[in-house]
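Listed below are the residues making up each chain.
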Amino acid sequence: MPSSTRGGIALIFAPGTVAIMEGVPEEHAGTASGLLQMDQQIGGALGIAVMTAIYAFSSVPGTYAAGLPEAFMGGAILAGLAATVAWRAVGSSVEGRARPSGPTPVIRS
């Protein structure tokens, strides 16, 4: 596995897992963890399937790398679309939360 892939996985999956699991009550942690893993597996499988379909559609018989640029461009477009949807979903849920009123408590150690 290329080091860029390992670095991307480390920068996305670990903080994403922490962010998702942080907001789940303890009694539902097992269910939330299972749903998170299922979502990651389905997303990976669909991503590979879409990139393979684009590669197969745009490849030229007898050549190896003819469809790769189109497949990677399709993957990049889908990743950008997914990031936009996630950003808008998170942004709207954060804006809708009630903010505590009154002064902000100061914690001193």
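Visitor: Can you lay out the overall build of the chain for me, pointing to particular residues and giving the numbers?
Guide: On a plain count of helices and strands, the chain comes out with 3 helices and 0 strands. Beginning at the N terminus, the succession of helices and strands in the chain can be written as α-α-α. Within the chain, buried positions represent 6% of all 109 residues. For the chain, the exposed surface amounts to about 9,000 Å²; the carbon and sulfur share of it is 69%.

Visitor: Explain the environment of Ser59 to me, using residue names and the numbers behind them.
Guide: Turning to its location among the elements, Ser59 is positioned in the loop between α2 (29–58) and α3 (68–95). When sequence neighbours within four positions are dropped, the list of residues in contact with Ser59 reads Ala66 and Gly67.

Visitor: A description of the confidence of the model for the chain should follow, citing residues and the corresponding values.
Guide: Interpretation of the predicted coordinates at a detailed level should be avoided for regions scoring low in pLDDT. Here the chain averages 79 in pLDDT, while 76% of its residues score no lower than 70. Per-element confidence in the chain is highest for α2, whose mean pLDDT is 88, and lowest for helix α1 (residues 3–22), whose mean pLDDT is 75.

Visitor: Hey, could you go over a nonpolar patch on the surface for me, with residue numbers and the actual values?
Guide: Residues Ile9, Leu11, Ile12 and Phe13 make up a contiguous nonpolar surface patch of roughly 400 Å² in combined accessible area. By the secondary structure assignment, Leu11 is in helix α1.

Visitor: If you had to explain the environment of Ala56 to someone new, which residues and values would you point to?
Guide: Within the fold, Ala56 resides in helix α2. Taking the C-alpha atoms as reference points, Ala56 and Gly67, separated by 11 residues in sequence, lie 6.9 Å from one another.

Cut-offs and rules
- Residues numbered from 1 in each chain as written.
- Predicted model: local features only at pLDDT ≥ 70, side-chain atom pairs only at ≥ 80, totals over all residues.
- Heavy atoms only, no water.
- Helix = DSSP H or I, 4+ residues; strand = E, 2+ residues; numbered from the N terminus.
- Buried < 20%, exposed > 50% of the residue type's maximum accessible area, 1.4 Å probe, protein only.
- Areas by Shrake-Rupley, 256 points an atom, 1.4 Å probe, with all protein chains shown as cover.
- Contact = heavy atoms within 4.5 Å.
- pLDDT = per-residue confidence, 0-100.
- Patch = residues over 30% accessible without salt bridge, like charges linked within 9 Å, V, L, I, M, F, W, Y side chains within 5 Å.
- Salt bridge = Lys/Arg side-chain N within 4 Å of Asp/Glu carboxyl O.

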